[in-house]
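# Per-entry structural report
Here are the chains, one letter per residue:
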Amino acid sequence: MTGMPTRRLGALTVSAQGLGCMGMSDAYGTSDDATSIATVHRALDLGVTLLDTSDYYGNGHNEELLGRALAGHRREQAVLATKFGFANRLGEPTRIRGDAAYVREACDASLRRLGVDHIDLYYVHRVDPDVPIEETVGAMAELVAAGKVRHLGLSEASARTIRRAHAVHPIAALQSEWSLWTRDLQDEIAPVCRELGIGVVPFSPLGRGFLTGRLTSVDSLEEGDMRRTQPRFADGNLKRNLAIVDALNDLAARRGVTAGQLALAWVQHRGDDVVPIPGTRRQKYLEENVAAATLELSADELAAIEAAAPADRVAGTRYDENSLSIVDK
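This text gives an overview of the structure that appears in the document. (Residues numbered from 1 in each chain as written. Predicted model: local features only at pLDDT ≥ 70, side-chain atom pairs only at ≥ 80, totals over all residues. Heavy atoms only, no water.)

### Regarding the pairing of strand β1 (residues 6-9)
What you see with β1 is a clean split: R7 and L9 sit on the buried side and T6 and R8 on the side with no burial. The sheet contact formed by β1 and strand β2 (residues 12-15) spans 4 bridges and is antiparallel. Across the sheet, R7 pairs through a bridge with V14, a residue of β2. Counting the residues in the hairpin turn of β1 and β2 gives 2 residues, including G10, whose phi is positive at 60°. (Buried < 20%, exposed > 50% of the residue type's maximum accessible area, 1.4 Å probe, protein only. Helix = DSSP H or I, 4+ residues; strand = E, 2+ residues; numbered from the N terminus. Pairing = 2+ DSSP bridges.)

Okay, structure coming up:
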């Protein structure tokens, strides 16, 4: 087993980089369970302990997939994180639920699909605007007391919600989007997390794969790929955003790494309380991502990266209008 540095999410110790598993079941086109399970095993062998899923990914398929991947002794190697909150199935109108009854129901269902007796890190996937966060987190705290959950997390939560939630029960982690082309949480949310001792788990640290430089046109994407509907991949925006990747490619070539590794290392350098979870189904890209976890960047290099990819140059919003409407403000 290859070692990887560890970091803290609140009181929880995890590998400095995790593995986002959503794409193994959802959002990015056709997948293959055997390939995905092999990638999970390879991640564990490389010292990646934090595995991230949700009951929403693939309508529960992703949790079942991870359950199969972790059967037997593999469970002991993993810090298993999952989420609840989307009460609808894929393709149905969005319904967010955070009421206490649903929290209990969702947790029991996730435990069954995962085939485990406890969840290491349990997140609110989206905050229910119609239920006080105190009720939601209070019910989650009861799951901790019952031994079903070890640590609590929030996803896409505002600074105010984070404070209210943390007052009910310690929050270990906030999972939100953070990358060179999405830095919304830097001004207010990340500082609040640091003040309260909450770790940050950036999802899509590679801009949904865009910052790797491997995607130059949506024509190469499968029909079911979510990126076909996202503003930053739309005509006009895509061309402008490709200029950012070109600049990253130039910097990466000088360092002898890929643009994706450079972009991911930038996220890793946001702080020792930051644990990005790049997602992939393929071992090749997993190994490329893992190498970025220990890629040291000087202050000059970090400044050059930010100059090559200034936040105000990114074209398009990070989500479509519907997805933005359910992000906690």
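Having seen the model, we can carry on.
### Examining the sheet that holds strand β5 (residues 79-84)
The sheet built from 7 strands is open, its strands ordered β3-β4-β5-β6-β7-β8-β9 with parallel pairing. Across the chains shown, the open sheet's two edge strands, defined by having one partner strand only, are β3 (19-20) and β9 (199-203). In terms of strand pairing, strand β7 (residues 149-155) meets strand β8 (residues 171-177) through 4 bridges, oriented parallel. Of the residues in β8, the one forming a bridge with L152 is I171.

### Considerations on the environment of V48
Tracing the sequence through the fold places V48 in the loop between α1 (33-45) and β4 (50-52). Taking C-alpha positions, V48 is 21 Å from L297, a pair spaced 249 residues apart along the chain. In this structure V48 touches M4, S15, Q17, G18, L19, A43 and V290, once residues within four positions along its chain are discounted. (Contact = heavy atoms within 4.5 Å.)

### A word on the packing of helix α2 (residues 61-69) against helix α3 (residues 100-114)
Helix-helix packing is described using two parameters, namely the angle between the two axes and the distance between the axes. Put simply, α2 and α3 touch, their axes get as near as 7 Å, and they point 45° apart. Overall, the two elements α2 and α3 adopt an arrangement that is oblique. For the pair formed by α2 and α3, the contact residues are E63, E64, L66 and G67 on the first element and S110, R113 and L114 on the second. Residue classes in the contact of α2 with α3 are distributed as 2 nonpolar, 2 polar and 3 charged. (Axes fitted to C-alpha atoms, helices over the stretch in contact; angles between N-to-C directions. Parallel < 35°, antiparallel > 145°, perpendicular 65-115°, else oblique. Nonpolar A, V, L, I, M, F, W, Y, C, P; charged D, E, K, R; others polar.)

### A look at the pattern of salt bridges
Considering all chains together, one arrives at 19 salt bridges under this definition. Among the ionic pairs, E195 bridges to R163, the shortest N-O distance being 2.8 Å. Here R163 lies in helix α5 (residues 159-168) and E195 lies in helix α6 (residues 189-196), a separation of 32 residues in the sequence. On the basis of relative accessible area, E195 is assigned to the exposed category, the value being 52%. With its nearest N and O atoms 2.7 Å apart, the salt bridge here joins D273 to R194. Taken as a pair, D273 in the loop between α8 (259-268) and α9 (283-292) and R194 in helix α6 lie far apart in primary sequence, 79 residues in all. One network of salt bridges, in which partners are shared, links R126, E156, E177, D184, R208 and R318. (Salt bridge = Lys/Arg side-chain N within 4 Å of Asp/Glu carboxyl O.)

### Describing the packing of aromatic side chains
Given two aromatic rings, one states the distance between the centres and the angle between the planes to describe the pair. Summed over all chains, the structure comprises 3 aromatic pairs. Plain terms: the ring middles of Y56 and F86 are 4.4 Å apart, the flat faces sit at 20° to each other, and that makes the pair stacked. Of the two residues, Y56 sits in the loop between β4 and α2 while F86 sits in the loop between β5 and α3, which places them 30 residues apart along the sequence. Neither residue differs from the other here; Y56 and F86 are each classed as buried. The ring of W181 has R232 sitting right over it, with the charged end atom 5.0 Å from the ring centre. Taking NZ or CZ as reference, R270 lies 4.0 Å from the ring centre of W266, over its face. (Phe/Tyr/Trp six-rings, centres within 6.5 Å; stacked < 30°, edge-to-face > 60°. Lys NZ or Arg CZ within 6 Å of the ring centre and 35° of its normal.)

### A few points about the side chain of T53
Along the chain, T53 turns up in the loop between β4 and α2. A distance of 2.6 Å separates the side chain of T53 from the side chain of N62, its partner in a polar contact. With residues up to four places along the chain from it excluded, the contact list for T53 reads N62, E63, L66, A81, T82, K83 and L114. (Polar contact = N/O pair within 3.5 Å; in protein donor to acceptor, adjacent residues only side chain to side chain.)

### Observations regarding the nonpolar core
One broad rule of soluble globular proteins: the nonpolar side chains tend to lie buried together. Ranked by size, the top nonpolar core spans 87 residues in total, and within it L19, Y122, L154, I162 and F210 carry the most contacts. Excluding residues within four positions of it along the chain, F210 makes contact with W181, L215, F233, L238, N241, L242 and V245. Residues A81, A172, A173 and V275 belong to the second largest nonpolar core, which totals 16 residues. (Core = buried A, V, L, I, M, F, W, Y, C linked by side-chain atoms within 4.5 Å.)

### Focus on α8
Counting buried residues along α8, 10 of its 10 residues qualify, which places the element largely inside the surrounding structure. Of all the positions in α8, only A259, G260, Q261, L262, A263, L264, A265, W266, V267 and Q268 are classed as buried. Considering only its buried residues, α8 is in contact with β1, β9, α7 (237-255), α9 and α10 (299-308).

### A word on α2
Listing the buried residues of α2 in full gives N62, E63, L65, L66, G67 and A69. Elements that come into contact with the buried residues of α2 comprise α1, β4, β5 and α3.

Structural measurements only, silent on function.
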